Amino acid sequence: MDAAERLVESTRVLLWERGYVGTSPRAIQAHAGVGQGSMYHHFDGKAALARAAIERTAAELRAAADAQLGADAPALARVEAYLRRERDVLRGCPVGRLTQDPDVMADAELRRPVEQTFTWLRARLGDVLAEGVAAGELVGLDAAVTAATIVAVLQGGYVLARAAGSGVPFAQAVDGLLALLAAHAAPAGPLGPAD
């Protein structure tokens, strides 16, 4: 891995652990094992490096979500796979945590990939749910509103888990959300005659 890659990866780790203010150029350089000259050779400064790190984290989150949401399966099964995929819930969402960082939110360039990621996720979930409605798999469900609810429940689940120091509240939030979604599943058709 070259110096630029090490810098971006180190910044990603430190932003998740410490936030923007707590991630100094010196800490990034030490974590990446590079000198100051190398950092400023590849990036204009801390903000440019943080932007590259946030964009990489956001792209990975989108790719991970799309792995489940783009699968060849019924809509509800894809949403459940997305909700139940393995996560480090006690560390929180690496993109969602950035919304609590006032320095990231105050900088339009740093905030943009965070905003775009959540906009994309709501739209992607909405598309999957709309497919389920169109296929008759889900009934009485507003896809866009439900997608926003899914994202809100996940982010809230992270907060509850971190506050409790346990993954249990996150798992309960996911279970509750899936129960609410199951209430919109189309009833199974009548069984045919026995052979």
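Residues numbered from 1 in each chain as written. Predicted model: local features only at pLDDT ≥ 70, side-chain atom pairs only at ≥ 80, totals over all residues. Heavy atoms only, no water.

**What about the packing of helix α4 (residues 46-69) against helix α7 (residues 108-134)?**
Test applied: Fitted lines through C-alpha atoms serve as axes, helices being fitted only where they are in contact, and the angles separating the N-to-C directions of these axes extend from 0 to 180 degrees. Working definition: helices are DSSP H or I runs of at least four residues, strands are E runs of at least two. Numbering for both runs from the N terminus. Any angle that is under 35 degrees is reported as roughly parallel, and any over 145 degrees as roughly antiparallel; angles of 65 to 115 degrees are reported as roughly perpendicular and all others as oblique. Contacts were defined at the residue level, with two residues in contact if any of their heavy atoms lie within 4.5 Å. Any residue that is not Ala, Val, Leu, Ile, Met, Phe, Trp, Tyr, Cys, Pro, Asp, Glu, Lys or Arg is counted as polar, Gly included; the first ten are nonpolar and the last four charged.
At their nearest, the axes of α4 and α7 sit 8 Å apart, and the two run at 10° to each other. Viewed along their axes, α4 and α7 adopt a mutual orientation that is roughly parallel. Facing α4, whose interface residues are Ala47, Ala50, Arg51, Ile54, Glu55, Ala58, Leu61, Arg62, Ala65, Asp66 and Leu69, α7 presents Glu109, Leu110, Arg112, Pro113, Val114, Thr117, Trp120, Leu121, Arg124, Leu125 and Val128. Of the residues in the contact of α4 with α7, the class split is 14 nonpolar, 1 polar and 7 charged.

**Some remarks on the environment of Ala73**
Summarising the element assignment, Ala73 is placed in the loop between α4 and α5 (75-84). Between the alpha carbons of Ala73 and Ala130 there is a distance of 14 Å; along the sequence they are 57 residues apart.

**Considerations on the pattern of salt bridges**
This is how the line gets drawn: One speaks of a salt bridge when a side-chain nitrogen belonging to Lys or Arg is within 4 Å of a carboxyl oxygen belonging to Asp or Glu. With a 1.4 Å probe rolled over the protein chains alone, any residue whose accessible area is under 20% of its type maximum counts as buried; one over 50% counts as exposed, and the rest are partly exposed.
Applying the stated criterion across every chain, the model contains 11 salt bridges. Where Glu60 meets Arg12, a salt bridge forms, and the shortest distance between an N and an O atom there is 2.6 Å. Here the residue Glu60 occupies a position in helix α4, and Arg12 occupies one in helix α1 (residues 3-18), the gap between them amounting to 48 residues. Overall, Glu60 belongs to the partly exposed group, its relative accessible area being 43%. Ionic pairing is found between Glu55 and Arg51, a salt bridge with its closest N-O pair at 2.5 Å. Taken together, the positions of Glu55 and Arg51, both in helix α4 and 4 residues apart, correspond to about one turn of that helix. Under the relative-accessibility criterion, Glu55 is labelled partly exposed at 34%. Overlapping salt bridges bring together Glu5, Glu9, Arg12, Arg56 and Glu60 as one network.

**Re the layout of surface pockets**
Definition in use: Both site types are read off a 1 Å grid over the protein atoms alone. A 1.4 Å probe that fits but cannot get out defines a cavity, while an open set with protein on both sides within 12 Å along at least five of seven lines defines a pocket; lining residues have an atom within 4 Å of a point. Grid points are joined across faces, edges and corners, and a volume is the space filled by probe spheres set on the points.
The space that makes up the largest pocket amounts to roughly 360 Å³. Along its surface, the largest pocket is lined by 21 residues, and Trp16, Thr57, Leu61, Cys93 and Pro94 are the ones closest to its centre. Elements represented by at least two residues in the lining of the largest pocket include exactly α1, α4, α7 and α8 (143-164). Along the lines of polarity and charge, the residues of the lining of the largest pocket split into 11 nonpolar, 3 polar and 7 charged.

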